[in-house]
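Coordinates in review
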Amino acid sequence: MDEIQSLMHGFAIALTLKNIAFMFVGVLLGVIIGVLPGLGGANGVAILLPLTFSMAQVPGGTTTAIILLSCIYWGALFGGAITSILFNIPGEPWSVATTFDGYPLAQKGRAGAALTASFTSSFVGALVAVIVITFLSPRVAKFALEFGPPEFFAVYLLTFCAFIGMSKEAPFKTLASMMLGFALAAVGTDPVTGTLRLTFGFTQVLNGFDFLIAVIGLFGIGEILLTLEEGLAFQGESAKINFKVVMETWRELPKYWLTSIRSAAVGCFMGIVPGGATPASFMSYGVAQRFSKDGEKFGTGMVEGVVAPETAAHAAGTAALLPMLTLGVPGSPTAAVLLGGLLIWGLQPGPLLFLEQKDFVWGLIASMYLGNIAGLIVVLTCVPLFAAILRIPFSVIAPVIMVICAIGAYTVHNSHLDIWLMVVFGVMGYVFKKLSYPLAPLVLAIVLGDRAEASFRQAMLVSEGDMSVFFSNALVGGMTGLALFLLCWPLLTAVLAALRNKLRGA
Amino acid sequence: MVEGSGERAAARYKRVDIVVALIFLAFGAVVAFDSWRVGAKWGDDGPQTGYFPFYIGLIICLSSIVNLFKGFAIRPERDGVFVKVGQLKLVLSVLLPTMVYVGLISWLGIYLASTLFVAFFMRWLGKYQWWKVVLLSVGNSVFFFLIFEAWFMIPLPKGPLESALGLG
């Protein structure tokens, strides 16, 4: 087993006092970034990237630098769950699915259990993904190298169809919301030919709409407006997390082993192919809801409904580094930022990295094991610190969150227009949420719109407009078929229900 | 805000649902129309720029027509309140100052605008004593200034106050 030997070598590199110190600093910063709505993994890492320039100059410094940045990422993955469960404000897009059951649990006074379940499943998901990275990176690289545009498009199609098939909301509202996201993503420069479109003469929108602005507006501002309707009483739930709660929850968690395995598998797969943590968390939540014997109680505060998305999100977030390292193709926005970091430090990601920078690669992989252990320790012990935020009255915290959102929106592109867009998205989020237009597919379509379009058009170019390319082999055909099946799922269930009623009537 | 007129419906669900579906329809039409303008057909070099967004626009139109019909089909007895007058007042009391705040950022800079915004909120909605208002609103901006300008070295929009203090 070459991998074990390399991994042991990696541990020897990662286990220095300096690296471990940076691990804890990174995780703590990451959790804070993840907890603050508007500051997230991707822009959090991007903001901190300049700090690592000087760090990477010293020998072995690149390993320390990537450990710091990746640990911020792990911290953000952990931290997103805290606001989802306590505030019902997802700190990160991938923790949106965690709000579905996490927040009702907190409302029932089981915030501690929800947090413990979420942190533990995050850890389990990450652990599975790191094991996958350790042993499969050479093999997966070979597998994914054979992916062409049709396969990529089939993956996107599968994700979006899963939204329609699995969503609780009306299918046509989901579709409208999703397509709105695609349209917003299409604004600006055509990713294939570079031609301008849908700009209507406004030069400010040349690069389209950034999903971060949409996320800050829809979830941050929109949520504050919704919360205000209930008056100025504070809506966050209090968190008590102690040794007893942790042990009780840990005793409960093994019951959901099947959900965990399924979610970790979904997460790893969605992370490796550029689907990302957000769709993985939704898919896994949807799948768990369909297969669980308590599926109907999902959304009312089920621990299983926290386990599924968190395991998948963290597995996907971690697995997203696999294609980034082995192929130079990031699987998530944060992975893309990390990729930028590698290039700045003078490292070329790709298959050669495994040959030429063994110390760096295996040091990083070993640090993933250690960083997630550090993360679990930090989040389980520091929750009271974050619970203190909850005691601040809403008339103080609301404007401060607004200011943070405004700063967050501005720093994405240093653009004042983005702050206005954020407000517009905020009003949109408020209205959409009240009319049950789902927000997640909208955000996801903005994130993946350009890439989905590019793969679709490349596939069309290769096949010269022949749609049968999406069924040309077992892999792509299977994914497309499954996607179409999911798309028709609401129709099928409606027909089945009608038939059943008719039979019962007869 | 609880008693009397505050409980009246400012808008009913059905009407808002229909209006939003109409906005979607118009938006989809604009997208499809503009995509058609830049070319949504099959060119010599493959699909044209508007090819993908044109169909996106069409799907938006189709799904919003379904939503429109569903909106019209809501029976009066099932038509709930979208937002009550009292709730709308509260939401606007935050939304309007936020818009003023965003407008102020361009000429006062983000720090001074944020100070005024937080102070306004605390005094007007929270009814805090003045010393608490000043302490927290100024402290908040100083904190963000230290984080972004001093620690992360990320310049945020600054205005006349910062230039007068020699910080901008």
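Predicted model, so just to flag it, every value in this text is computed and none were measured.

Each assigned domain of chain B is listed here: domain 1 (8-79) and domain 2 (86-165). If you average the C-alpha positions of domain 1 of chain B and of domain 2 of chain B, the two centres end up 38 Å apart.

This next bit is on the nonpolar core. Among the nonpolar cores identified, the biggest contains 192 residues, and Ile 85, Met 179, Ala 406 and Met 422 of chain A are the most heavily contacted of them. The element best represented in this core is helix 4 (residues 61-87) of chain A, accounting for 17 residues. Domain assignment of the residues forming this core places at least three in each of domain 1 (8-79) and domain 2 (86-165) of chain B.

Here we take up the interface of chain A and chain B. The interface is formed by 45 residues belonging to chain A together with 50 residues belonging to chain B. Of all the secondary-structure elements, those providing two or more residues to the side of chain A that touches chain B are helix 8 (171-186), helix 9 (211-229), helix 18 (394-413), helix 19 (416-434) and helix 20 (440-463) of chain A. In terms of residue count, helix 18 of chain A provides more of the side of chain A that touches chain B than any other element does, eleven residues in total.

Turning our eyes to something else, we now look at helix 2 (residues 51-72) of chain B. Over its 22 residues, helix 2 of chain B extends 32 Å from the first C-alpha to the last, a length consistent with the 32 Å expected when each residue adds 1.5 Å. Listed as buried for helix 2 of chain B are Tyr 51, Phe 52, Pro 53, Phe 54, Ile 56, Gly 57, Ile 59, Ile 60, Ser 63, Ser 64, Asn 67 and Gly 71 of chain B.

Looking now at the packing of helix 19 of chain A against helix 3 (residues 85-124) of chain B. At a minimum axis distance of 10 Å, the contact between helix 19 of chain A and helix 3 of chain B shows a crossing angle of 175°. Classified by the angle between their axes, helix 19 of chain A and helix 3 of chain B sit roughly antiparallel to one another. Across the interface between the two elements, His 416, Ile 419, Trp 420 and Val 423 of chain A of helix 19 of chain A pack against Thr 98, Met 99, Val 102, Ile 105 and Ser 106 of chain B of helix 3 of chain B. In terms of residue class, the contact of helix 19 of chain A with helix 3 of chain B is built from six nonpolar, three polar and no charged.

Before going further, it helps to examine unusual backbone geometry. The residue Ser 436 of chain A is not glycine, and still its phi comes out positive at about 50°. Looking at the secondary structure, you find Ser 436 of chain A in the loop between helix 19 and helix 20. Under the C-beta neighbour-count criterion, Ser 436 of chain A is labelled partly exposed, with 14 such atoms within 10 Å. Positive phi, close to 55°, is recorded for Lys 127 of chain B, a residue that is not glycine. Within the secondary structure layout, Lys 127 of chain B lies in the loop between helix 3 and helix 4 (130-151).

This part covers helix 13 (residues 303-319) of chain A. For helix 13 of chain A, spanning 17 residues, the distance from its first C-alpha to its last is 24 Å, which sits close to the expected 24 Å at 1.5 Å a residue. Where burial is concerned, most of helix 13 of chain A is hidden: 17 out of the 17 residues are buried.

Rules used throughout
Numbers given for residues are sequential positions, taken from 1 along each chain in its written order. A letter from A marks each chain and a number from 1 marks each ligand, given out in the order of writing. Where local features are concerned, this predicted model is filtered to residues with pLDDT of at least 70; where side-chain atom pairs are given and counted, the filter is 80 or more; whole-chain, interface and lining totals use all residues. Domain start and stop points were drawn from an automatic or database domain assignment. One nonpolar core equals one set of buried Ala, Val, Leu, Ile, Met, Phe, Trp, Tyr and Cys residues connected by C-beta atoms within 7 Å. The exposure label follows from counting other C-beta atoms within 10 Å of a residue's C-beta, where the C-beta atoms are placed from the backbone and the thresholds are 20 or more for buried and 12 or fewer for exposed, leaving partly exposed in between. Note on conventions: DSSP H or I runs of at least 4 residues are helices, E runs of at least 2 residues are strands, and numbering of each starts at the N terminus. By the convention adopted here, residues make contact when the C-beta atoms placed from their backbones lie within 7 Å. For a helix, the expected span equals 1.5 Å multiplied by the number of residues minus one. Lines fitted to C-alpha atoms define the axes, with helix axes restricted to the stretch in contact, and inter-axis angles between N-to-C directions lie between 0 and 180 degrees. When describing relative orientation, an angle under 35 degrees is termed roughly parallel and one over 145 degrees roughly antiparallel, while 65 to 115 degrees is termed roughly perpendicular and anything else oblique. Think of it as three bins: nonpolar holds Ala, Val, Leu, Ile, Met, Phe, Trp, Tyr, Cys and Pro, charged holds Asp, Glu, Lys and Arg, and polar takes everything else, Gly as well.

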